[in-house]
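Descriptive analysis of the structure
Chain residues, written in single-letter form:
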Amino acid sequence: MSPDWNSLPEDLQLVLAREAMRRAVETIAGQAEALAGEIEAGGIADRGGPEALRLLAAVVRLSARDPKAASGTA
C-alpha cells in the first residue's frame, strides 16, 4: 500500500513539493523556449513571440530561485 500524502513526514512533503515545482518550472521554461525556436524557424507566425517567450522562461526560472525576485507591477 502506498502512503497517503498526509501520512508523509512534513520534511519529506517539502522535498517532494520543491522537486515537483522545480520540474514544473523547467517544463514551462523548456516549452517556452521550444515555441520560440519554432517561431524563429518559421513554423508559427512571428508576432514578437520569441523574445516574449524567452522572457517568460527567464522569469519563471528566476522566480523559482527567489520567489520575490520577479514580483512587481506592469
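Time to look at the nonpolar core. Ala29, Ala32, Ala36, Ile39, Leu53 and Ala57 together form the largest nonpolar core, which totals 6 residues. Among the elements of the structure, helix H1 (10-40) and helix H2 (49-65) are those that each provide at least two residues to this core. The element that contributes the greatest number of residues to this core is H1, accounting for 4 residues. Residues contacting Ala57, with those up to four places away along its chain left out, are Ala29, Ala32 and Glu33.

This part covers a nonpolar patch on the surface. Together, Trp5, Leu12, Val15 and Leu16 line one region of the surface with nonpolar side chains, adding up to about 360 Å² of accessible area. Taking relative accessible area as the criterion, Leu16 reaches 39% and is therefore assigned partly exposed.

Taken as a whole and assessed by the stated rule, the structure comprises 5 salt bridges. We note a salt bridge from Glu19 to Arg22, for which the minimum N-O separation is 2.6 Å. Taken together, the residues Glu19 and Arg22, both in helix H1 and 3 residues apart, mark about one turn of the helix. A relative accessible area of 28% places Glu19 in the partly exposed class. The salt bridge involving Glu19 is made with Arg23; its shortest N-O contact spans 2.9 Å. Here Arg23 and Glu19 lie together in helix H1, a separation of 4 residues that amounts to about one turn. Judged by relative accessible area, Arg23 falls into the exposed class, the value being 54%. Bridged by salt links that share partners, the residues Glu19, Arg22 and Arg23 form one connected network.

What counts and how
Residues numbered from 1 in each chain as written. Predicted model: local features only at pLDDT ≥ 70, side-chain atom pairs only at ≥ 80, totals over all residues. Heavy atoms only, no water. Core = buried A, V, L, I, M, F, W, Y, C linked by side-chain atoms within 4.5 Å. Buried < 20%, exposed > 50% of the residue type's maximum accessible area, 1.4 Å probe, protein only. Helix = DSSP H or I, 4+ residues; strand = E, 2+ residues; numbered from the N terminus. Contact = heavy atoms within 4.5 Å. Patch = residues over 30% accessible without salt bridge, like charges linked within 9 Å, V, L, I, M, F, W, Y side chains within 5 Å. Areas by Shrake-Rupley, 256 points an atom, 1.4 Å probe, with all protein chains shown as cover. Salt bridge = Lys/Arg side-chain N within 4 Å of Asp/Glu carboxyl O.

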